[in-house]
Amino acid sequence: METKIGHLKVYIFKIKNREGYAAVCCDHLTEGPTQQVAFDRMVKAIRRTSKKGSGE
């Protein structure tokens, strides 16, 4: 499944041999028991790195 956070593409997929889903975007990887949780964690990760880069 492919969704977007702003202009960034987020790929969400079922993890083989494990329970849950993973989301990949901009060198970030997040995991969660559902697709929505994995996506929400990705939003948080993207927000964290965008704040980090803007202060420099």
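These numbers were taken from a predicted model, which means no experiment stands behind them.

Draft legend 1. A look at the pattern of salt bridges. All told, the structure shown has two salt bridges when counted by the stated rule. Here Glu-2 ties to Lys-9 by a salt bridge, and the two come within 4.0 Å at their closest N and O atoms. Its relative accessible area of 43% is what places Lys-9 among the partly exposed residues. Between Glu-31 and Arg-18 there is a salt bridge, and its shortest N-O distance comes to 3.3 Å. Taken together, the residues span a long stretch of sequence, with Glu-31 in strand β4 (residues 28-32) and Arg-18 in the loop between β2 (8-14) and β3 (21-25) at a distance of 13 residues.

Draft legend 2. A look at the environment of Asn-17. Its place among the elements puts Asn-17 in the loop between β2 and β3. For Asn-17, a relative accessible area of 81% gives the class exposed. A C-alpha to C-alpha distance of 27 Å links Asn-17 and Ile-46, two positions 29 residues apart in sequence.

Draft legend 3. Main features of the environment of Asp-27. By secondary structure assignment, the location of Asp-27 is in the loop between β3 and β4. Residue class for Asp-27 comes out exposed when judged on its relative accessible area of 82%. Taking C-alpha positions, Asp-27 is 16 Å from Lys-51, a pair spaced 24 residues apart along the chain.

Draft legend 4. Just the packing of aromatic side chains, in detail. A full pass over the atoms with the stated rule returns zero aromatic pairs. In this structure, Lys-14 packs its charged tip against the face of Tyr-21, placed 5.7 Å from the ring centre.

Draft legend 5. Here's a closer look at a nonpolar patch on the surface. On the surface, Tyr-11, Phe-13, Val-24 and Leu-29 cluster together into a nonpolar patch covering about 370 Å² of accessible area. Considering the arrangement of structural elements, one finds Val-24 in strand β3.

What counts, and where the lines are drawn
Residues numbered from 1 in each chain as written. Predicted model: local features only at pLDDT ≥ 70, side-chain atom pairs only at ≥ 80, totals over all residues. Heavy atoms only, no water. Salt bridge = Lys/Arg side-chain N within 4 Å of Asp/Glu carboxyl O. Buried < 20%, exposed > 50% of the residue type's maximum accessible area, 1.4 Å probe, protein only. Helix = DSSP H or I, 4+ residues; strand = E, 2+ residues; numbered from the N terminus. Phe/Tyr/Trp six-rings, centres within 6.5 Å; stacked < 30°, edge-to-face > 60°. Lys NZ or Arg CZ within 6 Å of the ring centre and 35° of its normal. Patch = residues over 30% accessible without salt bridge, like charges linked within 9 Å, V, L, I, M, F, W, Y side chains within 5 Å. Areas by Shrake-Rupley, 256 points an atom, 1.4 Å probe, with all protein chains shown as cover.

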